[in-house]
Amino acid sequence: MITLHGFPASNYYNIVKHALLYKDVPFEEHLIFTGNDQLLAVSPVGKVPAITTEDGVTLSESSVICDFLEEAYPDTPLYPESATKRAMVRQIMKIAELYFELPSRRLIPYVFSGVDAPDAIKKEVRQVIKRGIPALNRLCQFSPWIAGETFTMADIYMHYVNVVVINCASTQLDWDILAEIPGMKQWNETMSQSDIAQKIEADRRANMPEFKTHIKALVQAAQSK
Ligand SMILES: N[C@@H](CCC(=O)N[C@@H](CS)C(=O)NCC(=O)O)C(=O)O
C-alpha cells in the first residue's frame, strides 16, 4: 500500500491525497511536519508531500507524484489520452503553480503571525499574480471543468492552489483575485462540494491547531538561536 507522508494542512499534500482518493488507490497517511529530519528520509529536500510506493520507493514533488499515480494507476484517468491535451492540462497546472501558488505562498508567514506583509513584498507578489491572471483567463475553460469537458488533474491542482490564493494573497493584498477570472469562483465552489474535497477540507481543519502549534514552536526555536 502507498504511504502518503505529510500533513493535511498542506495544500500540496492535499493535491496528492485528492488524486489518490479519486483514483481509489489504497493508501495510508503518515503524519509528519516539516522541519523533522525524518522527512529527509522520504523527501530529498524535506518538503511535503512525499510518498512511499508499493515497491518501497520514495518520491517527492507533487506534480511528479501526480504523474506517477497516473502511470501506475491508469484505470481512473486524470489526464486526457492525447499528448497535446495532456500537455495543455499540465500547462494550466504549471501556470497555476508559478503565477498563483508560489507568489501567494510568500505571504503565508504573515498570515500565520497575524502581521501585515511589508509593502515591497506585497508589490512583488501582486506583480507576479497579475501576470498569471490573463494567462489563466486564456487557458481555463470551465466547460464545465478547467481544461474542458473532462475532469483532469488540473481541476484538482488549481482547487488546492486556490486555497492559498484565497487565504493568503487575497487577504493580505485585499484583492478578490479569483473574481478576476470569470467562471473561476463558481467552478471552485463546485469543486469544493465533492465528497473528496469535503473530506480533505474537514481533515485540513482538524489538522490546523496542531500545525499552528508546530509553526509557533519552529518560530520560537529560530528566535532563540
Ligand atoms: N514543489 C513542492 C512544494 C512543496 C511544499 O512547498 N510543501 C510545503 C508544505 S505545503 C513544505 O514542505 N514546506 C517546507 C519548506 O519549504 O521547507 C511540491 O510540489 O511538492
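Note that the structure is predicted; figures quoted are calculated from it, not measured.

1. A look at the overall build of the chain
Inference 1: Counting its secondary structure elements, the chain contains eight helices and four strands.
Inference 2: When the helices and strands of the chain are listed from N to C terminus, the series reads β-α-β-β-β-α-α-α-α-α-α-α.
Inference 3: Against the globule reference of 17 Å for 225 residues, the chain gives a C-alpha radius of gyration of 17 Å, in line with a compact fold.
Inference 4: When its C-alpha atoms are laid out on the principal axes, the chain stretches across 55 × 45 × 30 Å.
Inference 5: When burial is assessed residue by residue, the chain has 46% of its 225 residues classed as buried.
Inference 6: Sequence separation of at least 24 residues holds for 68% of the intrachain contacts in the chain that already meet a minimum separation of 6.
Inference 7: About 11800 Å² of surface is accessible on the chain, with carbon and sulfur atoms providing 53% of the total.
Inference 8: Of the side-chain charges in the chain, 22 are positive and 27 negative, and the distance between the mean point of each set is 9 Å.

2. Some words on the domain arrangement of the chain
Inference 1: By domain assignment, the chain separates into domain 1 (2-77) and domain 2 (83-192).
Inference 2: For domain 1 versus domain 2, the distance between C-alpha centres works out to 22 Å.
Inference 3: Between domain 1 and domain 2, the buried area comes to about 1200 Å², and carbon and sulfur atoms account for 63% of it.
Inference 4: For the pair domain 1 and domain 2, the interface holds one salt bridge.
Inference 5: The salt bridge partner of Arg90 is Asp67, with a shortest N-O separation of 3.1 Å.
Inference 6: The tally of links between domain 1 and domain 2 comes to six residue pairs in polar contact (both at pLDDT 80 or more).
Inference 7: Mapped onto the side of domain 1 that touches domain 2, the elements with two or more residues apiece are helix H1 (11-23) and helix H2 (62-72).
Inference 8: If you tally residues by element for the side of domain 1 that touches domain 2, the top one is H1, at seven residues.
Inference 9: For the side of domain 1 that touches domain 2, a count of residues per class yields five nonpolar, four polar and one charged.

3. A short note on the nonpolar core
Inference 1: Judged by nonpolar contacts, the single largest core of 68 residues is most densely connected at Phe100, Ile129 and Met158.
Inference 2: Two domains share this core, each providing at least three of its residues, namely domain 1 (2-77) and domain 2 (83-192).
Inference 3: Contacts of Ile129, omitting those with residues within four sequence positions, involve Tyr99, Phe100, Pro103, Ser104, Ala169, Leu173, Trp175 and Ile177.

4. Comments concerning the site of the ligand
Inference 1: Around the ligand, the structure places Ser10, Tyr12, Thr34, Lys47, Val48, Pro49, Glu61, Ser62, Glu97 and Arg105.
Inference 2: Note that a nitrogen atom of the ligand is positioned 2.8 Å from one of the backbone N or O atoms of Val48.
Inference 3: Between the ligand and Glu61, the relevant distance is 2.7 Å, taken from a nitrogen atom to a side-chain nitrogen or oxygen of the residue.
Inference 4: Here the ligand has 510 Å² of accessible area as a free molecule, and 75% of this is covered by the chains.
Inference 5: In terms of residue class, the shell around the ligand is built from three nonpolar, three polar and four charged.

5. Topic: the UniProt feature "domain: GST N-terminal" (unreviewed entry) in the chain
Inference 1: Look at the UniProt record and you will see "domain: GST N-terminal" (unreviewed entry) annotated at residues 1-77.
Inference 2: Strand forms 21% of residues 1-77 and helix 31%; the C-alpha atoms that close the span are 19 Å apart.

6. Details of the pattern of salt bridges
Inference 1: In the structure shown here, the tally under the stated rule is 11 salt bridges.
Inference 2: For Glu124, the salt bridge is made with Arg106, and the minimal N-O distance between the two is 2.7 Å. Taken together, the residues Glu124 in helix H5 (residues 119-139) and Arg106 in the loop between helix H3 (83-105) and helix H4 (108-113) connect sequence positions 18 residues apart.
Inference 3: Arg106 gets classed as partly exposed once you look at its relative accessible area, which sits at 38%.
Inference 4: Beyond isolated ion pairs, a larger network of salt bridges with shared partners links Lys17, Glu29, Lys199 and Asp203.

7. Regarding the environment of Phe211
Inference 1: Of note, Phe211 is situated in helix H8 (residues 195-223).
Inference 2: With sequence-adjacent residues up to four places away left out, Phe211 is seen in contact with Phe7, Ala9, Phe33 and Phe112.

8. Topic: the UniProt feature "domain: GST C-terminal" (unreviewed entry) in the chain
Inference 1: With numbering matched to this structure, UniProt assigns "domain: GST C-terminal" (unreviewed entry) to residues 82-215.
Inference 2: Taken end to end, residues 82-215 has its terminal C-alpha atoms 43 Å apart, with 75% of it in helix and 0% in strand.

Rules used in this analysis
- Per-chain numbering applies: the sequence of each chain, read as written, is numbered from 1 onward.
- Per-residue local features of the predicted model are confined to residues with pLDDT of at least 70, and side-chain atom pairs are confined, for both listing and counting, to 80 or more; whole-chain, interface and lining totals are unaffected and use all residues.
- Water and hydrogen atoms were dropped before computing side-chain values, which therefore reflect all heavy atoms in the structure.
- Starting at the N terminus, helices and strands are each numbered in turn, a helix being any DSSP run of H or I of at least four residues and a strand any DSSP run of E of at least two.
- Between the two quantities, the radius of gyration covers C-alpha atoms and the globule rule is 2.2 Å times the number of residues to the power 0.38.
- Buried residues are those whose accessible area, probed at 1.4 Å on protein chains only, stays under 20% of the maximum for their type, while exposed residues exceed 50% and partly exposed ones sit between those limits.
- Here a residue-residue contact requires only that any non-hydrogen atoms of the pair lie within 4.5 Å.
- Areas reported as accessible are Shrake-Rupley estimates using a 1.4 Å probe. Residue values count occlusion only from the protein chains shown.
- In this tally Asp and Glu are treated as negative and Lys and Arg as positive; neither His nor the chain ends contributes.
- Here the site of a charge means NZ on Lys, CZ on Arg, CG on Asp, or CD on Glu.
- Throughout, the edges of the domains are those of an automatic or database domain assignment.
- Buried area counts how much accessible surface, traced with a 1.4 Å probe, disappears from two parts once they are put together, with both parts' losses summed.
- Each reported salt bridge corresponds to a side-chain nitrogen of Lys or Arg within 4 Å of a carboxyl oxygen of Asp or Glu.
- Under the rule applied, a polar contact is a pair of N or O atoms within 3.5 Å (in protein, one hydrogen donor and one hydrogen acceptor; residues adjacent in sequence only if both atoms are side-chain atoms).
- In this classification, Asp, Glu, Lys and Arg are treated as charged, Ala, Val, Leu, Ile, Met, Phe, Trp, Tyr, Cys and Pro as nonpolar, and every other residue, Gly included, as polar.
- Residue types Ala, Val, Leu, Ile, Met, Phe, Trp, Tyr and Cys, when buried and joined through side-chain atoms within 4.5 Å, form a set referred to as a nonpolar core.
- We call a residue near a given molecule or strand whenever any one of its heavy atoms falls within 4 Å of it.
- UniProt positions are given in the numbering used here, feature names are shortened, and annotations may be inferred rather than shown by experiment.

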